[in-house]
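What follows is each chain in one-letter form.
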Amino acid sequence: MLNAKFKKLQEILTEMKTVVIAFSGGVDSTFLLKVAVDTLGRENVLAVTADSETYPFEELEEAKKLAVQLGARHEVIETSELNIPGYSENTPNRCYFCKKSLFEHLVPIMHAHQYKNIAFGLIADDLGEHRPGTKAAREFNVRGPLQEADLYKNEIRELSQEMGIPTWDKPSFACLSSRIAYGEKITMEKLRKVDFSEQAIRAIGIRQVRVRTHGEMARIEIEPSEMPKLMEHHQEITEKLKSFGYTYVTMDLTGYKSGSMNKVLQGIELA
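Values in this document were obtained by computation on a predicted structure and should not be read as measured data. (Residues numbered from 1 in each chain as written. Predicted model: local features only at pLDDT ≥ 70, side-chain atom pairs only at ≥ 80, totals over all residues. Heavy atoms only, no water.)

A word on the nonpolar core. As a rule of thumb, soluble globular proteins bury nonpolar side chains together. Formed by 34 residues in total, the largest nonpolar core has its most connected members in Leu 9, Phe 31, Leu 33, Val 45, Leu 146 and Leu 151. Those elements that provide at least two residues to this core are helix H1 (2–16), strand S1 (19–22), helix H2 (27–40), strand S2 (45–51), helix H3 (57–69) and helix H7 (153–162). If you tally residues by element for this core, the top one is H2, at eight residues. Each residue touching Leu 9, except ones within four places of it in the same chain, is listed here: Phe 31, Leu 32, Val 35, Pro 145, Leu 146, Ala 149 and Leu 151. With 21 residues, the next largest nonpolar core counts Cys 98, Leu 176, Ile 180 and Leu 230 among its residues. (Core = buried A, V, L, I, M, F, W, Y, C linked by side-chain atoms within 4.5 Å. Buried < 20%, exposed > 50% of the residue type's maximum accessible area, 1.4 Å probe, protein only. Helix = DSSP H or I, 4+ residues; strand = E, 2+ residues; numbered from the N terminus. Contact = heavy atoms within 4.5 Å.)

As structure tokens, this is what we get:
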């Protein structure tokens with residue numbers, strides 16, 4: 001079954017012929033880039049990374065290194081989500097504005113290279129979640145080859161491990177804005193506060209972390225298995241996060257959950 005899905009992905013990419021890939025350096029876009037380069041050849045694939053306020057510096061540097069390791073052509077462009085009308089208001093459709101802006105930047109790059117397609121790391125898991133960015137993808141005819149091949153996150157990790165791709169066990173990543181509760185205005189100060197806080201928690205050896213921001217409160221999400229480690233350093237972490245600007249520092253006993261901020265959207269009709 002998994003081999004059939006991988007073959008389907010190769011067939012999709014072959015049909016696309018040339019492609020610009022929105023490349024974050026995460027598990028999904030790295031796998032997509034690797035398969036695209038192997039299938040189409042280096043000259044027919046271009047990875048583009050958008051450097052913005054919501055993208056941690058550490059991730060940018062890792063994306064650059066990964067592109068080199070994969071033998072991919074790579075460009076970094078400067079973008080600014082905070083300058084996008086409607087983005088900083090942080091409505092439930094925030095991601096639509098972000099992806100729309102990203103694709104608006106990628107279309108001229110595609111034309112400049114005389115390529116035929118733009119692709120991003122949409123996966124099968126995403127179809128069951130709140131993903132406003134898919135609306136922007138449809139508007140710009142941006143493809144999601146991994147989703148088209150019905151590949152799920154766990155399958156992408158398995159294939160990545162088999163292929164020796166270093167991101168196979170990389171913790172899931174999302175933009176820093178996803179940590180801020182809907183309705184709270186997104187500012188540079190809040191984004192930095194989240195970034196510094198997560199760096200501090202990773203520094204004690206915790207791999208998967210989200211510092212969800214609710215006003216003056218930090219709600220830390222980590223895997224349940226790593227909670228004892230956080231408690232060993234609770235005083236140090238509390239002091240650091242308070243120094244970054246939080247008044248209250250808490251740990252969510254439910255543990256890490258991708259897209260947990262979307263729970264408040266249940267029952268709400270979205271445009």
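Moving on from the coordinates now.
This part is about the UniProt feature "domain: NAD/GMP synthase" (unreviewed entry) in the protein. UniProt annotation of "domain: NAD/GMP synthase" (unreviewed entry) refers to residues 15–80 when read in the numbering used here. In residues 15–80, helix accounts for 44% and strand for 26%; the two terminal C-alpha atoms are 33 Å from one another. (UniProt positions renumbered as here; feature names shortened; annotations may be inferred.)

Any two aromatic rings considered together are summarised by their centre-to-centre distance and by the angle between their planes. Summed over all chains, the structure comprises six aromatic pairs. Seen from their ring centres, Phe 6 and Phe 31 are 6.4 Å apart, and the 50° between their planes marks the pair as tilted. Of this pair, Phe 6 sits in helix H1 while Phe 31 is found in helix H2, placing the two residues 25 residues apart along the sequence. On the basis of relative accessibility, which here comes to 18%, the residue Phe 6 falls in the buried class. Aromatic side chains Tyr 96 and Phe 97 sit 5.6 Å apart centroid to centroid with 70° between the ring planes, which places their arrangement in the edge-to-face category. What makes Tyr 96 buried here is its relative accessible area of 14%. Cluster of aromatic residues (ring-pair linked, three or more members): Phe 103, Phe 120 and Phe 140. Sitting over the face of the ring of Tyr 96, Lys 135 holds its NZ or CZ atom 5.0 Å from the ring centroid. (Phe/Tyr/Trp six-rings, centres within 6.5 Å; stacked < 30°, edge-to-face > 60°. Lys NZ or Arg CZ within 6 Å of the ring centre and 35° of its normal.)

Moving on to the pairing of S2. Taken across its seven residues, S2 has six buried, putting it largely inside the fold. As judged from the four bridges shared by S1 and S2, these two strands associate in the parallel manner. Of the residues in S2, the one forming a bridge with Ala 22 is Val 48. Handedness of the β-α-β unit built from S2, H3 and strand S3 (residues 73–78) comes out right-handed. (Pairing = 2+ DSSP bridges. Right-handed = clockwise from strand over helix to strand, strands pointing away.)

The next thing to look at is the side chain of Ser 177. Residue placement: Ser 177 occurs in the loop between H7 and helix H8 (188–202). Judged by its relative accessible area of 0%, Ser 177 falls in the buried class. Among the polar contacts listed, one links the side chain of Ser 177 to the side chain of Tyr 87, at a separation of 2.7 Å. Not counting residues within four places of it along the chain, the set of residues in contact with Ser 177 comprises Thr 54, Tyr 87, Arg 94, Ile 186 and Leu 191. (Polar contact = N/O pair within 3.5 Å; in protein donor to acceptor, adjacent residues only side chain to side chain.)

Let us now look at the side chain of Glu 184. One can find Glu 184 in the loop between H7 and H8. Here Gly 215 takes part through its backbone nitrogen, which lies 2.6 Å from a polar atom of the side chain of Glu 184. Not counting chain neighbours up to four residues away, the residues in contact with Glu 184 comprise Ser 88, Glu 89, Asn 90, Lys 190, Thr 213, His 214 and Gly 215.

Attention now goes to H3. In this model H3 runs 19 Å from its N-terminal to its C-terminal C-alpha over 13 residues, within 8% of the 18 Å that 1.5 Å per residue would give. Among all positions in H3, only Glu 59, Leu 60, Ala 63, Leu 66 and Ala 67 are buried. Down the axis, H3 shows its buried residues gathered within 125° of arc, on one side only. Among the exposed residues of H3, those pointing more than 90 degrees away from its buried face are Phe 57, Lys 65, Val 68 and Gln 69. At its buried positions, H3 is contacted by H2, S2 and S3. Looking at the residues trailing H3, positive phi occurs at Gly 71, about 70°. (Expected span 1.5 Å × (residues − 1). Arc of directions from axis to C-beta.)

With that out of the way, let us pick up the layout of surface pockets. When its volume is computed, the second largest pocket comes out at roughly 250 Å³. Glu 59, Lys 170, Phe 173, Arg 202 and Arg 207 are, among the 17 residues lining the second largest pocket, the residues nearest its centre. Counting only elements with at least two residues in the lining of the second largest pocket, the list comes to H3, H8 and strand S5 (209–214). Residue composition of the lining of the second largest pocket, grouped by class: five nonpolar, two polar and 10 charged. (1 Å grid on protein atoms, 1.4 Å probe; cavity = no way out; pocket = protein on both sides within 12 Å on 5 of 7 lines; lining within 4 Å. Points joined across faces, edges and corners; volume = space filled by probe spheres on them. Nonpolar A, V, L, I, M, F, W, Y, C, P; charged D, E, K, R; others polar.)

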